[in-house]
Amino acid sequence: MTNFDDILLEVGVFGRFQKRIFSLVSLVSIPWAFIYVGVVFQGFTPEHWCRNPSAEELRRTCGWTLEEEQRYTVPLVNGSTGPEYSRCRMYDVDWNSTAVSCEGAPLLNFTKDAPVIDCKDGWVYNYGERKTFAMEFNLVCSDAWKVDLSQSVLNLGFLLGTIVIGYLADRFGRKICFIVSSVVNGITGVLVAFSPTSEALLILRGVCGFTIKGGWMAGYVLITELVGVDHRRIVGIIYQKFFSVGIIILPLIAYFITDWRWIQVAISVPYFIFLIYYWLIPESPRWLFSQKQTGRAVAIVEKLAKENGRCLSPLTEKLTDGEATEVQMPSFLDLFRTPKIRRCTFILMFNWFVCAVVYQGLIMRVGILGGNVYVDFLISGAVEFPSAVIILLTIERVGRRLPFGIATVMAGVACLTAAFIPEDAYWAKTAVACVGRLGITISFELVCFMNSELYPTFMRNLGVAVCSTLCDIGGMAAPFILYRLASIWLELPLVVFGEYCLLADILINTTLNNYHLPDHFKTSIHFLNFSLPELQAFIPVHPKLSPGDPLWLQVFVPTSFIISDSIL
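Please read all numbers here as calculations on a predicted model, not as lab measurements.

1. Considerations on the overall build of the protein chain
Helices and strands together make up the secondary structure of the protein chain, namely 26 helices and 6 strands. Going through the 568 residues of the protein chain one by one, you find that 54% of them count as buried. With the model as given, the accessible surface of the protein chain reaches about 24300 Å², and the carbon-plus-sulfur share is 64%.

2. Things to note about the state of the cysteines
One pass over the full model with this rule turns up 2 disulfides. Note that Cys88 is cross-linked by a disulfide to Cys141, the S-S spacing being 2.0 Å. Judged by the sign of its S-S torsion, about -100°, the cystine formed by Cys88 and Cys141 is left-handed. Placement of Cys88 in the loop between strand 3 (82-85) and strand 4 (89-91) and of Cys141 in the loop between helix 8 (133-136) and helix 9 (145-172) is noted, with a sequence separation of 53 residues between them. Overall, Cys88 belongs to the partly exposed group, its relative accessible area being 29%. Residue class for Cys141 comes out partly exposed when judged on its relative accessible area of 25%. Among the cysteines around Cys415, which has no disulfide bond, Cys501 carries the closest sulfur, lying 5.5 Å off. For Cys415, a relative accessible area of 2% translates into the label buried.

3. Describing the packing of aromatic side chains
Summed over the entire model, instances satisfying the criterion amount to 28 aromatic pairs. Measuring from centroid to centroid gives 5.2 Å for Phe274 and Tyr277, while their planes differ by 75°, and the two rings are edge-to-face. With relative accessibility at 4%, the residue Tyr277 sits in the buried group. Feature note: the residues Trp32, Tyr36, Phe158, Trp216, Tyr220, Tyr239 and Phe243 constitute an aromatic cluster, connected by ring pairs. For the cation-ring pair, Arg130 lies above Tyr255, with the distance from its terminal atom to the ring centre recorded as 5.6 Å. One cation-aromatic arrangement involves Arg171 over Phe172; the distance from NZ or CZ to the ring centre is 5.0 Å.

4. Here we look at the pattern of salt bridges
Summed over all chains, the structure comprises 16 salt bridges. Put simply, Asp143 and Lys146 hold a salt bridge, and the shortest N to O gap is 4.0 Å. With a shortest N-O distance of 3.0 Å, Asp472 and Lys213 are connected by a salt bridge. Note that Asp472 is positioned in helix 22 (residues 460-486) and Lys213 in helix 11 (residues 198-226), a separation of 259 residues in sequence. Judged by relative accessible area, which is 3%, Asp472 ranks as buried. Linked by salt bridges that have partners in common, Asp143, Lys146 and Glu199 make up one network.

5. Observations concerning the packing of helix 1 (residues 4-11) against helix 16 (residues 294-307)
Contact pair helix 1 / helix 16: the axes reach a minimum separation of 9 Å and the direction vectors enclose 25°. Our classification of the angle between helix 1 and helix 16 gives roughly parallel. Packed against helix 1, whose contacting residues are Phe4, Ile7, Leu8 and Val11, the element helix 16 presents Val301, Leu304 and Ala305 at the interface. Taken together, the residues of the contact of helix 1 with helix 16 sort by class into 7 nonpolar, no polar and no charged.

6. Notes on a nonpolar patch on the surface
Together, Ile273, Leu275, Ile276, Tyr278, Trp279 and Leu280 make up a nonpolar patch on the protein surface, roughly 640 Å² of accessible area in all. Mapping Ile276 onto the fold places it in the loop between helix 14 (270-273) and helix 15 (285-290). Given a relative accessible area of 43%, Ile276 falls into the partly exposed group.

7. So, unusual backbone geometry
Within the chain, Asn138 stands out as a residue other than glycine whose phi angle is a positive 55°. With respect to the helices and strands, the residue Asn138 is situated in the loop between helix 8 and helix 9.

8. Section: the packing of helix 5 (residues 53-62) against helix 6 (residues 66-73)
Orientation of helix 5 relative to helix 6, taken along the N-to-C sense of each, is 135°, at an axis distance of 10 Å. Here helix 5 lies oblique to helix 6, going by the angle between them. The interaxial crossing formed by helix 5 with helix 6 has right-handed handedness. Contacts from Ala55, Glu56 and Arg59 in helix 5 reach Leu66, Glu69 and Thr73 in helix 6. Of the residues that constitute the contact of helix 5 with helix 6, the class distribution is 2 nonpolar, 1 polar and 3 charged.

9. Examining the nonpolar core
By size, the foremost hydrophobic cluster in this structure holds 132 residues, and its most contacted members are Phe178 and Phe377. Ranked by size, the runner-up nonpolar core spans 9 residues in total, among them Ala55, Trp64, Tyr91 and Val93.

10. Considerations on helix 11
With 29 residues, helix 11 should reach 42 Å at 1.5 Å per residue; the first-to-last C-alpha distance of 43 Å fits that figure. Within helix 11, 24 of the 29 residues are buried, which leaves it mostly tucked inside the rest of the structure.

Criteria and cut-off values
- Residue numbering note: each chain is counted from 1, following its sequence as written.
- pLDDT decides what is reported in this predicted model: residues at 70 or higher carry local features, side-chain atom pairs at 80 or more are listed and counted, and totals for whole chains, interfaces and linings draw on all residues regardless.
- Only hydrogens and water are removed before side-chain values are computed, so all heavy atoms of the structure are retained for them.
- Each helix corresponds to a stretch of at least 4 residues labelled H or I by DSSP, and each strand to a stretch of at least 2 residues labelled E; elements are numbered beginning at the N terminus.
- With a 1.4 Å probe rolled over the protein chains alone, any residue whose accessible area is under 20% of its type maximum counts as buried; one over 50% counts as exposed, and the rest are partly exposed.
- Note that accessible areas follow from Shrake-Rupley with a 1.4 Å probe, and for residues the cover is restricted to the protein chains shown.
- We call a pair of cysteine sulfur atoms a disulfide whenever their separation is within 2.5 Å.
- Between the rings of Phe, Tyr and Trp (Trp by its six-membered ring), a pair exists once the centres lie within 6.5 Å; its type follows the angle of the planes, with under 30 degrees stacked, over 60 edge-to-face, and the other angles tilted.
- Lysine NZ or arginine CZ positioned within 6 Å of the ring centre and within 35 degrees of the ring normal marks a charge as sitting over the ring.
- Definition used for salt bridges: Asp or Glu carboxyl oxygen within 4 Å of a side-chain nitrogen of Lys or Arg.
- Throughout, an axis means a line fitted to C-alpha atoms (over the contacting stretch in the case of helices), and angles, computed between N-to-C directions, take values from 0 to 180 degrees.
- In these notes the angle categories are as follows: under 35 degrees is roughly parallel, over 145 is roughly antiparallel, 65 to 115 is roughly perpendicular, and the rest is oblique.
- Working rule for contacts: check all heavy atoms of both residues, and any pair within 4.5 Å makes them a contact.
- Polar here means any residue other than Ala, Val, Leu, Ile, Met, Phe, Trp, Tyr, Cys and Pro, which are nonpolar, and Asp, Glu, Lys and Arg, which are charged; Gly is therefore polar.
- Patch members must show over 30% relative accessible area and no salt bridge, and they are joined within 9 Å when carrying like charges or within 5 Å when they are nonpolar side chains of Val, Leu, Ile, Met, Phe, Trp or Tyr.
- Handedness of each helix crossing follows the sense of rotation of the near helix against the far helix: counterclockwise by less than a right angle gives left-handed, clockwise gives right-handed.
- To define a nonpolar core, start from buried Ala, Val, Leu, Ile, Met, Phe, Trp, Tyr and Cys residues and group those joined through side-chain atoms within 4.5 Å.
- To estimate how far a helix should reach, multiply one less than its number of residues by 1.5 Å.

Here it is in structure tokens:
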């Protein structure tokens, strides 16, 4: 019996056909990056202070600048970086009084002992002609948390959508889920641009997030199922690097488009382009074989062979999915059944959480530093590219644990160091922060590999699905950790990020006592150091075998029918 991997060896594991499909599908990572971190520009909160209509009229009469109006109308308060003008309080004075003149000194005396009240007529934003949804909906002061919530709702959509669309992709196919989700992404993305209220904005961003990540994952599954096992790792890494390309392009879009609504349209419309992929990309033949749709699968394999310049042997006529027979599915409780596997599960969950919080936190932090947000964002995005080269050069030589440990420590130390570098050493602070960004990018990509390879084959997919949900939960927590802590001390989020990274490194090193992670069920037994009773807690020993038989044989025989080729 021949399975799909045998046929790939015959028609090409990564030939012209696969490279064409890979190039097309990878493009979906670019607009996903736009949506994922677009809040940095669309939800940017510029310098602002209480609006006073009478003071505005006086400013026009006296020819004051916005800075002068701010100085005359709002009090100084102690901020996270020292004295600053209040953003949420103003002097309660009658600006129509005849005692008010256009001179600076008398004005300061006029407001010297005036009472201070909360803003009551909105805010003045010092951001030129640019518009963000934080400005339009006045999401500042007591409503500032709604900007955080807008990103958290998006990540909640990611979480739910990954589960639902992941199921639908297994049920109805990778291609159709990729196409449909892309069209829905375009529609909901454009609807976000027409949000009439902040509440509508939150709801639509959640709906948008629901389809975006699930569709991205469907594309990832599709391309990894088309290539040979040895090429999946590099395909997965490069697929994610297109996300970094999107991060580089986003500040350019935001720089030339000044209104957040039109930015939203610009980053959503590309999803409609993927509709033509219905005629350009195939369904996953591996999935078709698993669904017993051999005729359609063989037709795709024949096209694959023709484009790759290969010929098919008669074995194709006997092609079946040797992995699609009835399987014994592990349960959620299997991830916590024994002490060893329970420890691995909890620590991997924590590492997913840390990587998501720190990675997203460092990205969004660019928007609150006060420098040129476009240049800073572009630089911080560019430093992600070396991560792919570093991973590819190290993981096959020294394993996963060592690069992950070094990268995580590097990110943690960089965050802690940057927090205490003086503000006047701007470029030194930026350089150290970029080192942290590179480190957490490497860690983020490696934790996915470690998660998929750490568990035994029969529970690998379940282990990745459950542990990676903490990635989206971390994304939900990141904006609140960043913005709320920064209101106390601007660098406090960096201190927290650094501590998270160092703790993650300590935990992963106490768990992965061998950096040669298992690729097969037999090696995973030795790696996790399971005892026979612990293994029998998952799968009973085959009745035809005796307890005296080798351990790997006792567990391999009854599980030989289980899916052994995890796409992750």
